[in-house]
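Given next are the chains, with one letter for each unit.
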Amino acid sequence: MITAEQLIKGGASRGGIGATLERPLDHLVACHRRIEQRLETLERVVPHLADRREEALAAIRSSLEFFDTNGAWHTEDEEQSVFPRLRDQVSPEQRAYLAELERQHDDAEALHVELTRRVEDMKAADPIPTDLIHRYAAVVGKLAAIYRPHIASEDAVLNELGRRVLGDAELLQIAGEMKRRRGLPESS
Ligand SMILES: [Fe+2]
Ligand SMILES: [Fe+2]
């Protein structure tokens, strides 16, 4: 039997979010693991929305908060700090790859908006009707279907490209921008 604590927190590792900010490419990979953990939580709550409404909604809220903060910063890290520096230095095929990643970000963002609406619908219902649970599960499924291969590709292809192309000075600038985005002192 799953406990309320497991339902809400799952296997998510605590802390350490700032630990890899000095190494921007490692930080992106570490953030991918945290995004995957929240996706798993969004999926894991589905069978509990009917009988453990409060805990399941709390687990969803916690995951959505992560996407609204760290998830949004992560996308900005890529789109505003990493992709522009790569674009100037890579082949047309690689530029097309970066454009495709951005398109996937847009698709994920649209699904995130839809997901937030589905969650609002469920919050307004007690008990939550089966059709609302199905609609929630469907949008989570679509989000996971975009995010998981996107992340796998970034871990393999984007990460390798970044390591090959970006120099130490650029990585330092990116690390500074990432910290600024999070309201952290750039010397930390
Ligand atoms: Fe991405
Ligand atoms: Fe990413």
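Look up: the structure comes first, before these words.
Here is a short report on the structure shown in this document. (Residues numbered from 1 in each chain as written. Chains lettered and ligands numbered in written order. Predicted model: local features only at pLDDT ≥ 70, side-chain atom pairs only at ≥ 80, totals over all residues. Heavy atoms only, no water.)

As for the overall build of the protein chain
Keep this limit in mind: Helix numbers and strand numbers start at the N terminus; a helix is a DSSP run of H or I with at least 4 residues, a strand a run of E with at least 2. Exposed residues in this analysis have more than 50% of their type's maximum accessible area, buried residues have under 20%, and partly exposed residues fall in between, with area computed by a 1.4 Å probe over protein chains only. Contacts are assigned to residue pairs that have any heavy atoms within 4.5 Å of one another. For the accessible areas, the method is Shrake-Rupley and the probe is 1.4 Å, while residue cover comes only from the protein chains on display.
The helix and strand tally for the protein chain stands at six helices and zero strands. Counting over 188 residues, the protein chain shows a buried share of 45%. Considering only contacts within the protein chain whose residues lie at least 6 apart along the sequence, 79% involve residues at least 24 apart. A total of about 9,300 Å² of accessible surface is found on the protein chain, and carbon and sulfur atoms cover 54% of it.

Remarks on the nonpolar core
Our working rule: Here the nonpolar core consists of buried residues drawn from Ala, Val, Leu, Ile, Met, Phe, Trp, Tyr and Cys, with membership extended through side-chain atoms lying within 4.5 Å.
L49, I60, L115, M122, Y136 and Y147 are the most contacted members of the largest nonpolar core, which totals 29 residues. For this core, the secondary structure elements donating two or more residues are α2 (24-44), α3 (53-87), α4 (92-123) and α5 (130-165). For this core, the element with the highest residue contribution is α5, accounting for nine residues. With 17 residues, the next largest nonpolar core counts L28, L98, L166 and I174 among its residues.

Digging into the coordination of the iron ion (ligand 2)
What counts here: Water is not part of the atom set, so a site may look incomplete; the donors themselves are N, O and S atoms within 2.8 Å of the metal, or 3.2 Å for Na, K and Ca. Here the metal geometry follows the donor angles, with tetrahedral for four donors whose angles all fall between 85 and 135 degrees, square planar for four and octahedral for six when opposite donors are more than 155 degrees apart and every other angle is between 65 and 115, and irregular for all the rest.
Only H32 (NE2), H74 (NE2), E78 (OE) and E154 (OE) from the protein reach the iron ion (ligand 2) as donors, at distances of 2.0 to 2.2 Å. Because the angles between the four donor atoms bound to the iron ion (ligand 2) fall within 87 to 172°, the donor set is best described as irregular. Summarised as a motif, the one-chain spacing of the donors to the iron ion (ligand 2) is H-x41-H-x3-E-x75-E. The buried category is assigned to E154, whose relative accessible area is 2%.

A word on the coordination of the iron ion (ligand 1)
Around the iron ion (ligand 1), the donor atoms from the protein are E78 (OE), H105 (NE2), H150 (NE2) and E154 (OE), and they sit 2.0 to 2.1 Å away. Considering all four donor atoms around the iron ion (ligand 1), the spread of angles at the metal, 80 to 172°, places the coordination shape in the irregular class. Counting the intervening residues between successive donors of the iron ion (ligand 1) yields the motif E-x26-H-x44-H-x3-E.

Observations regarding the packing of aromatic side chains
For any two aromatic rings, the description comes down to two numbers: the centre-to-centre distance and the angle of the planes. Note the cut-off: Pairing of aromatic side chains here covers Phe, Tyr and the six-membered ring of Trp, requires ring centres within 6.5 Å, and sorts the geometry by plane angle: under 30 degrees stacked, over 60 edge-to-face, intermediate tilted. Distance and angle both matter: a charge sits over a ring if NZ of Lys or CZ of Arg is within 6 Å of the ring centre and within 35 degrees of the ring normal.
The full count for this structure, using the stated rule, is two aromatic pairs. Note on F66 and F67: the rings are 6.3 Å apart at their centroids and 80° apart in plane angle, and the pair reads as edge-to-face. Ring-pair connections join several aromatic residues into one group, and the members of that group are F66, F67 and Y147. Across from the ring centre of F66, 4.1 Å away, lies the NZ or CZ of R38, which sits over that ring.

A closer look at the layout of surface pockets
Basically, it comes down to this: Think of a 1 Å grid over the protein atoms and nothing else: a 1.4 Å probe that fits but is trapped marks a cavity, an open set flanked by protein within 12 Å on at least five of seven lines marks a pocket, and residues with an atom within 4 Å of a point count as lining. Grid points are joined across faces, edges and corners, and a volume is the space filled by probe spheres set on the points. Classification convention: Asp, Glu, Lys, Arg as charged; Ala, Val, Leu, Ile, Met, Phe, Trp, Tyr, Cys, Pro as nonpolar; all other residues, Gly among them, as polar.
Computed from the structure, the largest pocket encloses a volume of approximately 210 Å³. If you go around the largest pocket, you meet 13 residues; those closest to its centre are G71, A72, T75, E109 and Y147. Residue composition of the lining of the largest pocket, by class: five nonpolar, four polar and four charged.

Side note on the packing of α2 against α5
Put simply, the rule reads: In this analysis an axis means a line fitted to C-alpha atoms, helices contributing only their contacting stretch, and an angle means the value between N-to-C directions, from 0 to 180 degrees. Angles are sorted into four bins: roughly parallel if under 35 degrees, roughly antiparallel if over 145, roughly perpendicular if 65 to 115, and oblique for all others. Here is the rule for handedness: rotate from the far helix to the near one, and if that takes an anticlockwise turn smaller than a right angle the crossing is left-handed, while a clockwise turn gives right-handed.
It is at 10 Å that the axes of α2 and α5 come closest, and there the two elements cross at 165°. Here α2 is positioned roughly antiparallel relative to α5, judged by the angle of their axes. Here the hand of the crossing between α2 and α5 comes out left-handed. Each of L25, D26, V29, H32, R33, I35, E36, L39, E40, L42 and E43 in α2 lies in contact with α5, whose residues at this interface are Y136, V140, L143, A144, Y147, R148, I151, E154, D155, N159, G162 and R163.

Things to note about empty space enclosed by the protein
Tallying each qualifying case throughout the model produces two cavities of 30 Å³ or more. There is about 40 Å³ of room inside the second largest cavity. Along its surface, the second largest cavity is lined by L25, L28, V29, H32, E154, D155, L158 and N159. Listing elements by their share of the lining of the second largest cavity, those giving two or more residues are α2 and α5.

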